[in-house]
Amino acid sequence: MRYDKKLLFYLIISILILVDFVFLIYVSFFSTDPFLKNLFLYFDFALCIVLWIEFFYSYKHADNKKHYLRENALSILGMFPYYFIFLRPFRLIKLIHYIKLFAIHHESDTLENFLKRTLLDKILSVGVIFVFLVSLLMYLVDSEINDFTTALWYVVVSITATGYGDVVPGTLMGKIIGIIAMIGGVIIFATITAVISSIYVSKISKDSHTDLESKIDDLTQEVKELNKKIDELNKEKD
């Protein structure tokens with residue numbers, strides 16, 4: 001396990017992004033004291049500057065710059081400050097990106113292999129993009145929803161099948177988009193559930209296989225000992 005500066009940076013930046021995202025949600029849905037809101041805006045802006053500096057530094061030192069841009073194209077959208085309201089959900093993709101970097105740099109083979117096998121980081125990224133696009137469509141087509149934050153709230157409530165009923169689409173297209181959000185939520189959560197289930201099934205199967213191999217080894221050893229005793233008895237008899 002290596003505790004170097006880069007590893008520490010990925011850990012700290014992941015924590016800061018998580019804290020920033022919680023603040024972002026809070027100021028988006030709840031009335032906040034102006035001083036605290038301004039304090040958050042400064043924090044968010046400073047964090048975005050750090051993210052951009054790290055991005056350009058990594059790009060400069062990347063062996064394959066085109067590959068680096070392809071891999072980080074979506075996470076770039078999560079590096080814009082609070083004022084870019086439509087891009088707020090992409091901050092989660094940036095968080096997933098840094099958690100993955102932390103795992104790889106940490107040389108955590110278990111987590112790295114887990115991500116490669118399950119593609120959970122990509123599934124979560126697709127989920128974030130889906131929520132963003134559906135929220136944007138809802139905001140654009142439904143006259144009953146006046147701001148993007150309300151649209152985002154409606155979509156999150158819909159895909160999680162919570163259904164508070166405090167926000168209701170007023171147009172036909174809005175209702176169709178609501179149906180898409182519900183179906184998409186079922187698919188996303190079903191996929192995540194399937195990934196988690198496959199992990200447990202794989203672990204149980206692996207444990208069972210290990211137990212079976214252990215029992216076979218024990219039986220093999222017993223057979224060898226019996227054969228040895230039989231040989232000794234035959235020699236005594238002779």
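Structure shown above.
Let us look at the structure shown here. (Residues numbered from 1 in each chain as written. Predicted model: local features only at pLDDT ≥ 70, side-chain atom pairs only at ≥ 80, totals over all residues. Heavy atoms only, no water.)

Re the side chain of Asp 20
With respect to the secondary-structure elements, Asp 20 resides in helix H1 (residues 5–29). If we skip the residues at most four places from it in the chain, Asp 20 touches Phe 40, Phe 43, Asp 44, Leu 47 and Arg 91. (Helix = DSSP H or I, 4+ residues; strand = E, 2+ residues; numbered from the N terminus. Contact = heavy atoms within 4.5 Å.)

A closer look at the packing of H1 against helix H2 (residues 34–61)
Across the interface, H1 lies against H2 with an axial gap of 10 Å and an inter-helix angle of 140°. Considering the relative orientation of H1 and H2, their crossing is left-handed. In contact with Phe 9, Tyr 10, Ile 13, Leu 16, Ile 17, Asp 20, Phe 23, Leu 24 and Val 27 of H1, H2 contributes Phe 40, Phe 43, Asp 44, Leu 47, Val 50, Leu 51 and Glu 54. Classifying every residue of the contact of H1 with H2 by side-chain character gives 13 nonpolar, no polar and three charged. (Axes fitted to C-alpha atoms, helices over the stretch in contact; angles between N-to-C directions. Left-handed = near helix turned anticlockwise from the far one by under 90°. Nonpolar A, V, L, I, M, F, W, Y, C, P; charged D, E, K, R; others polar.)

What about the layout of surface pockets?
Considered as a void within the structure, the largest pocket measures approximately 830 Å³ in volume. Tyr 68, Glu 71, Asn 72, His 97 and Leu 101 are, among the 29 residues lining the largest pocket, the residues nearest its centre. Counting residues per element, the ones that place at least two in the lining of the largest pocket are H1, H2, helix H3 (65–76), helix H4 (91–105) and helix H6 (120–141). Looking at the lining of the largest pocket element by element, the count peaks at eight residues for H3. Its residues placed into classes, the lining of the largest pocket shows 12 nonpolar, nine polar and eight charged. Taken as a whole, the second largest pocket holds about 600 Å³ of empty space. In terms of lining, the second largest pocket is formed by 29 residues, of which the most central are Phe 21, Leu 92, Val 131, Val 156 and Ile 159. Those elements that provide at least two residues to the lining of the second largest pocket are H1, H4, H6, helix H7 (148–159) and helix H8 (172–237). Ranked by the residues each element gives to the lining of the second largest pocket, the list is headed by H7, at seven residues. (1 Å grid on protein atoms, 1.4 Å probe; cavity = no way out; pocket = protein on both sides within 12 Å on 5 of 7 lines; lining within 4 Å. Points joined across faces, edges and corners; volume = space filled by probe spheres on them.)

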